[in-house]
Amino acid sequence: MRLRHLLAATAAALLLPVAALAKGPIKIGFPIPLSGPTAVYGVPILKGAELAVADINAHGGVLGRKLKLLPRDSKANPAEAVRLARELIVKNGVQFLAGTLTSAEAPAVSTIAKENHVVFVAPSAKTYELTDPQNFHPYIFRTASNTTIEGQAGAIIVAKWKNVHTVATIAPDYAYGHDAIAAFVAELHKLRPDIKIVDQEWPKLGQANFTPFITAQMAKHPDAVYCDEFAGDFISFVKQAAPLGYFKAIHDRLADGGEAGSIDVTRTLGKAYPLGIWTDAYDPVLWDGPNQPPADKAFDAKVAKALKIKYGSSWAIQGYVTIQAIAQGIRKAGTTNDTKVAKAMSGMTYTTPLGPRTFSAVNHDANAGEYWGKMVRTPKFPYAVISDPTYYNPEPAGH
Amino acid sequence: MTASLLVGQFLSGLTTSMFLFLIASGLSLVFGVMRVLNFAHGSFYMIGAYLAWQVVTWLHPVGEAFWPAALAAGLGVAVLGAVVERLLLRHLYGLDELYQLLFTYALVLILGDAAKYLWGTGQLSVHRPPVLDGGFQLVGNTVPYYNLFIIAVGPAIAITVGLVLSRTAAGRMLRAASADREMLDAMGANVGLIYTGMFAVSSFLAGLAGALITPMESIVPGMDVQVIVQAFIVVVIGGLGSFWGTFWGAMIYGQVLSFGILILPEFSLFSVFALMAVVLIVRPWGLFGRPIR
């Protein structure tokens, strides 16, 4: 009797860790900037991820287990993001990594994912180098768009404009800006060999004084401009360019691939928004046209409520689809084993509020384009909106 | 290069210069008189920007609410500066300069977090005051009235402060305080009050600069650190503690940046740092400073 009890207890004790592990939550580490200038986007992306976790858990979780998000402030610093990723794996025992914002952080965290055989999904970093043949490994995935898609979309738009013979560019002086501009210039040369690039300006990221760059560019009299300024920098750029007559000089022929059509930007600029330019957003939120998927409408309402800001944010969608992609990968694999999940996710099509997206089997980039259009003001909305948002995804995944 | 191009680029540089002077002047004054290198000066500038946004939002999102908001931002930050000097900085005067540096750096972190707590992490924007909307044509360039206003404010402040320092009783006291604090104290002057006043004036200038930048730049977390680096370069070029040195330092910085961009667009900030390096090698005490004995 006693022996049997002892045996049962021993068996239970031996089984306990396994049982606890099976019933405990699936942990996802999420380093992302929550302070500093880039927190503008870090905070809503995290909020989107939290909404996805709540939605999935409300429907019974994944493989009968709940998801648990472990957010950390990466301060947009690659070294800090790497430290946090290591700590999350070793100390907190996360099975998956998601997050990071900039094109500096994501490649750094990707090396940690490779070392530890942990699936890592990047919701925002766009540099093509993240998944190019030198840096690709089985555990890296990207739900964000990339600089190749972005630059090519910009070139397709600019190439269609009439009476454009000369083009200038202005973009932040780091990986993202340089990669996107290179893709733009290459595609434009292909589409319109007659167009000449007459000027290229490279202000530093976060350098709010754009005036000397703007006047230097105006002196070259370009017919049109391709721009990759985003967030606070785009706002500073516009506030200095408009009074200098910049937009008038180029007849509003500016295309910006830095999500300047995000509700976050249009709301901040208000009546100062330069109408007539072309730009993009992951999710326009205010859709001037009938093409918003109903699932996205419901999602945007949830984001606005969670962020406690009217109309919410265009960036929350990226956090949301990232967690969804991981959850669908685990379901498909039928296990949380990272190697098997990574295999399942390669080439996988996953559902998002904006429709299905597919990870390339070659480089694990999602075929994620963005919604582009001309910025207009309509009586229906309080801010400038993208007129008839059109999905641009010029490059089939796998560059 | 055409005349139009040169004039346009010169005016861009001048706008840059005068903004930097507004910010750097307070930094330079405090160092000149109190020998305190105030790292938190950029934070006061940031708080000024946020305060201006707050007051404009309270009063009216458009219209001429900008002017009282700018004044309120300056005064609000002046009060903040006076409180910081009275309650905290005062205890560090006798100590090694390293302690003051550490203290003002701690202040950068505290004020940064406080701004994040009060105003969130989102980007904010203030509209240009309608009276300065628009601009005029000058040799083929559009010169915005607001830029012109900034170009005028810089020298106005420089001349005012210069006159106060050289012609008034308060200025004499300040110069005396910077030359020999103990002697002034021994002669019965209230050095404590002079220091508090000095720090408040410097904070006022930082807050005002923060408010005046809002029609041109977005208000974001991190603008404090971004600006303090530039302000330090200006002060170093001009000479630490030399008020007029700061003015000319800012003038040179703006033009070197502006024409540097024109000549080497792919190395936008290189020209400015190269300038600083050259000045530090040739005249380590700055163009207008005096070697420290």
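A.B. asks: What am I meant to see in the overall build of chain B here?
C.D. replies: Helix and strand counts for chain B stand at 11 helices and two strands. Ordered by position in the sequence, the α and β elements of chain B form the string α-α-α-α-β-β-α-α-α-α-α-α-α. Rg of the C-alpha trace for chain B: 19 Å, near the compact-globule value of 19 Å for 293 residues, within the 12% margin. Taken along its principal axes, the extent of the C-alpha atoms in chain B is 60 × 50 × 35 Å. Counting all 293 residues of chain B, 54% fall into the buried class. When contacts within chain B are restricted to residue pairs at least 6 apart in sequence, those whose partners lie at least 24 apart make up 77%. Here chain B displays about 12700 Å² of accessible surface, and carbon together with sulfur accounts for 72% of that area. Charge centroids of chain B, computed over 12 positive and 12 negative side chains, lie 11 Å from each other.

A.B. asks: When you look at the pattern of salt bridges in this model, what are you seeing that I'm missing?
C.D. replies: One pass over the full model with this rule turns up 16 salt bridges over all chains. One salt-bridge network, held together by shared partners, links Lys75, Glu80, Arg83 and Glu87 of chain A.

A.B. asks: How should the sheet that holds strand S4 (residues 119–122) of chain A be read in this particular structure?
C.D. replies: Residue and element names in this part refer to chain A. What the five strands build is an open sheet, ordered S2-S1-S3-S4-S5; its pairing is parallel. Each edge of the open sheet carries a strand with a single partner, namely strand S2 (67–73) and strand S5 (140–142). Strand-to-strand twist of the sheet, defined as the mean angle between neighbouring strand axes without regard to direction, takes the value 20°. Strand direction decides the pairing type here: strand S1 (residues 26–32) and strand S3 (residues 96–98), joined by two bridges, are parallel.

A.B. asks: Any chance you could explain unusual backbone geometry here in plain terms?
C.D. replies: Leaving glycine out, the prevailing phi sign among residues is negative, and the prevailing peptide bond configuration is trans. Residue and element names in this part refer to chain A. Although it is not a glycine, Leu63 sits at a positive phi angle of roughly 50°. The topology assignment puts Leu63 in the loop between helix H2 (39–58) and S2. Phi is positive for Lys75, which is not a glycine, with a value near 55°. Structurally, Lys75 is set in the loop between S2 and helix H3 (78–90).

A.B. asks: Explain helix H12 (residues 316–333) of chain A here, please?
C.D. replies: Residues lying three or four places apart along an α-helix face the same way, a consequence of the helix completing one turn every 3.6 residues. Here H12 of chain A is 18 residues long and its end C-alpha atoms lie 26 Å apart, about the 26 Å a rise of 1.5 Å per residue gives. Just downstream of H12 of chain A, Gly334 of chain A is the residue with a positive phi angle, here 75°.

A.B. asks: Teacher, can you tell me more about the side chain of Ser17 of chain B here?
C.D. replies: Residue and element names in this part refer to chain B. If you trace the backbone, Ser17 turns up in helix H1 (residues 3–34). Judged by relative accessible area, Ser17 falls into the buried class, the value being 0%. Among all residues touching Ser17, those that are not within four sequence positions of it are Ala250, Met251, Gly254 and Gln255.

A.B. asks: Got a minute to help me understand the pairing of strand S10 (residues 278–281) of chain A in this structure?
C.D. replies: Residue and element names in this part refer to chain A. Where strand S9 (residues 254–256) meets S10, two bridges bridge the pair, whose relative direction is parallel. Bridge pairing in S10 places Asp256 opposite Thr279. A crossover connection joins S9 to the parallel S10 through helix H10 (residues 263–269); in handedness this β-α-β unit is right-handed. Pairing geometry for S10 and strand S13 (residues 370–376), over four bridges, is antiparallel. Looking across to S13, one finds that Thr279 is bridged to Gly373.

A.B. asks: Could you clarify how one ought to interpret helix H8 (residues 191–213) of chain B in this entry?
C.D. replies: Taking 1.5 Å of rise per residue, 23 residues should cover 33 Å, and H8 of chain B covers 33 Å from first to last C-alpha, within 8% of that figure. Taken across its 23 residues, H8 of chain B has 18 buried, putting it largely inside the fold.

A.B. asks: For this particular structure, what's the right way to read a nonpolar patch on the surface?
C.D. replies: Residues and elements named next belong to chain B. On the surface, a cluster of nonpolar side chains totalling about 570 Å² of accessible area is made up of Ile159, Leu163, Trp244, Trp248, Leu287 and Phe288. Counting only elements with at least two residues in the nonpolar patch, the list comes to helix H5 (145–167) and helix H10 (243–263). In this structure, Phe288 sits in the segment after helix H11 (270–282). Overall, Phe288 belongs to the partly exposed group, its relative accessible area being 42%.

A.B. asks: Explain the packing of aromatic side chains here, please?
C.D. replies: Pairs of aromatic rings are described using the distance from one ring centre to the other and the angle between the two planes. All names here are of chain B. Inspection of every chain in the model, using the stated rule, returns 33 aromatic pairs over all chains. Residues Phe39 and Tyr105 carry aromatic rings whose centres are separated by 6.1 Å and whose planes lie at 75° to one another, so their mutual orientation is edge-to-face. Placement of the pair is Phe39 in the loop between H1 and helix H2 (41–59) and Tyr105 in helix H4 (residues 97–119), with a sequence separation of 66 residues. Its relative accessible area of 29% is what places Phe39 among the partly exposed residues. According to the relative accessible area criterion, Tyr105 is partly exposed, its value standing at 43%.

A.B. asks: I'm lost on the pairing of S4 of chain A in this one. Help?
C.D. replies: Looking along a regular strand, one sees side chains alternate from face to face of the sheet. All names here are of chain A. Both faces of S4 are covered, namely the face carrying Val119 and Val121 and the face carrying Phe120 and Ala122. Note: S3 against S4, three bridges, orientation parallel. Bridge assignment links Ala98 to a residue of S4, and that residue is Val121. With three bridges joining them, S4 and S5 adopt parallel strand pairing. If you follow Ala122 over to S5, its bridge partner there is Arg142.

A.B. asks: Got a minute to help me understand the packing of helix H11 (residues 294–307) of chain A against H12 of chain A in this structure?
C.D. replies: Residue and element names in this part refer to chain A. Remark: H11 packs on H12, axes separated minimally by 11 Å, with the N-to-C direction vectors making an angle of 110°. In terms of axis orientation, H11 runs roughly perpendicular to H12. Considering how the two elements wind past one another, H11 and H12 form a crossing that is right-handed. Side by side, H11 and H12 meet where Asp296, Phe299, Lys302 and Val303 of the first sit next to Ala316, Ile317 and Tyr320 of the second. For the contact of H11 with H12, the residue count by class is five nonpolar, no polar and two charged.

A.B. asks: Hey, could you run me through the confidence of the model for chain A in this one?
C.D. replies: For chain A, the mean per-residue pLDDT works out to 92, and 93% of the residues sit at or above 70. Within the model, pLDDT remains below 50 along residues 16–21 of chain A, and this stretch shows one contact once partners closer than five positions in the same chain are excluded.

A.B. asks: I keep staring at the sheet that holds strand S7 (residues 196–201) of chain A and nothing clicks. Help me out?
C.D. replies: By definition, the strands of a sheet pair up through backbone hydrogen bonds, in either a parallel or an antiparallel sense. All names here are of chain A. Strands sit in the order S7-S6-S8-S9-S10-S13-S14 across an open sheet of seven strands; the sheet is mixed. Of all the strands in the sheet, just S7 and strand S14 (385–392) have a single pairing partner and so form its edges. On average, adjacent strands in this sheet sit at an angle of 25° to one another, irrespective of strand direction. By the bridge criterion, six bridges tie S13 to S14 in an arrangement that is antiparallel. The residue bridging Tyr371 from the neighbouring strand is Tyr391, located in S14.

A.B. asks: I tried to follow the side chain of Asp256 of chain A on my own but got confused; where do I start?
C.D. replies: Residue and element names in this part refer to chain A. By the element assignment, Asp256 lies in strand S9. Despite its burial, Asp256 pairs with no opposite charge; the closest candidate is Lys126, at 7.9 Å N-O. A polar side-chain atom of Asp256 sits 2.5 Å from the main-chain amide nitrogen of Gly258.

A.B. asks: Looking at this structure, how should I read the packing of helix H6 (residues 169–179) of chain B against H8 of chain B?
C.D. replies: To describe two helices that pack against each other, one gives the angle between their axes and the distance between the axes. All names here are of chain B. H8 packs onto H6 with a crossing angle of 105° between their chain directions and a minimal axis gap of 11 Å. Put simply, H6 runs roughly perpendicular to H8. Contact with H6, carried on its side by Met173, Leu174 and Ala177, involves Ile194, Tyr195 and Met198 of H8 and no other residues of that element.

How each quantity is defined
- Per chain, residues are indexed from 1 in the order of the written sequence.
- By the order in which they are written, chains take letters starting at A while ligands take numbers starting at 1.
- Local features in this predicted model are restricted to residues of pLDDT 70 or higher, and side-chain atom pairs are both shown and tallied only at a pLDDT of 80 or more, whereas totals for entire chains, interfaces and linings draw on every residue.
- Each side-chain value is worked out from all heavy atoms of the structure, with water and hydrogens disregarded.
- Secondary structure elements are taken from DSSP: a helix is a run of H or I of four residues or more, a strand is a run of E of two residues or more, and numbering for both begins at the N terminus.
- Atoms counted for the radius of gyration: C-alpha only. Globule rule: 2.2 Å times the number of residues to the power 0.38.
- Accessible area is worked out with a 1.4 Å probe on protein chains only. A residue is then buried under 20% of its type maximum, exposed over 50%, and partly exposed in between.
- We call two residues in contact when some of their heavy atoms are within 4.5 Å.
- For the area figures, the Shrake-Rupley method with a 1.4 Å probe applies, and any residue is considered shielded solely by the protein chains shown.
- Asp and Glu are treated as the negative residues and Lys and Arg as the positive ones, with His and the ends of the chain left uncounted.
- One atom stands in for each charge, and that atom is NZ of Lys, CZ of Arg, CG of Asp or CD of Glu.
- Criterion for a salt bridge: a side-chain nitrogen of Lys or Arg within 4 Å of a carboxyl oxygen of Asp or Glu.
- Two strands make a pair as long as DSSP finds a minimum of two bridges between them.
- Where helices are involved, their axes are fitted lines through C-alpha atoms of the stretch in contact, as for all axes, and angles between N-to-C directions lie from 0 to 180°.
- Multiplying 1.5 Å by the residue count of a helix minus one yields the expected span of that helix.
- Whether a crossover is right-handed comes down to one check: with the strands pointing away from the viewer, does the path from the first strand over the helix to the second run clockwise; if it does, it is right-handed.
- A patch consists of residues whose relative accessible area exceeds 30% and which take part in no salt bridge; residues with like charges are grouped when within 9 Å of each other, and nonpolar side chains (Val, Leu, Ile, Met, Phe, Trp, Tyr) when within 5 Å.
- Two aromatic rings, drawn from Phe, Tyr or Trp (for Trp, its six-membered ring), form a pair once their centres lie within 6.5 Å of each other, and the interplanar angle then sorts them: stacked below 30 degrees, edge-to-face above 60, tilted otherwise.
- By the definition adopted for this analysis, an angle is roughly parallel if under 35 degrees, roughly antiparallel if over 145, roughly perpendicular if from 65 to 115, and oblique otherwise.
- In this scheme the crossing of two helices becomes right-handed for a clockwise turn of the near helix relative to the far one and left-handed for an anticlockwise turn of less than a right angle.
- Classification used: nonpolar for Ala, Val, Leu, Ile, Met, Phe, Trp, Tyr, Cys and Pro, charged for Asp, Glu, Lys and Arg, polar for all others including Gly.
- Note on scores: pLDDT gives the predictor's confidence for each residue, bounded by 0 and 100.
- For the purposes of these results, a polar contact is taken to be a pair of N or O atoms within 3.5 Å, where, inside protein, one atom must be able to donate a hydrogen and its partner to accept one; residues adjacent in sequence count only when each atom of the pair is a side-chain atom.

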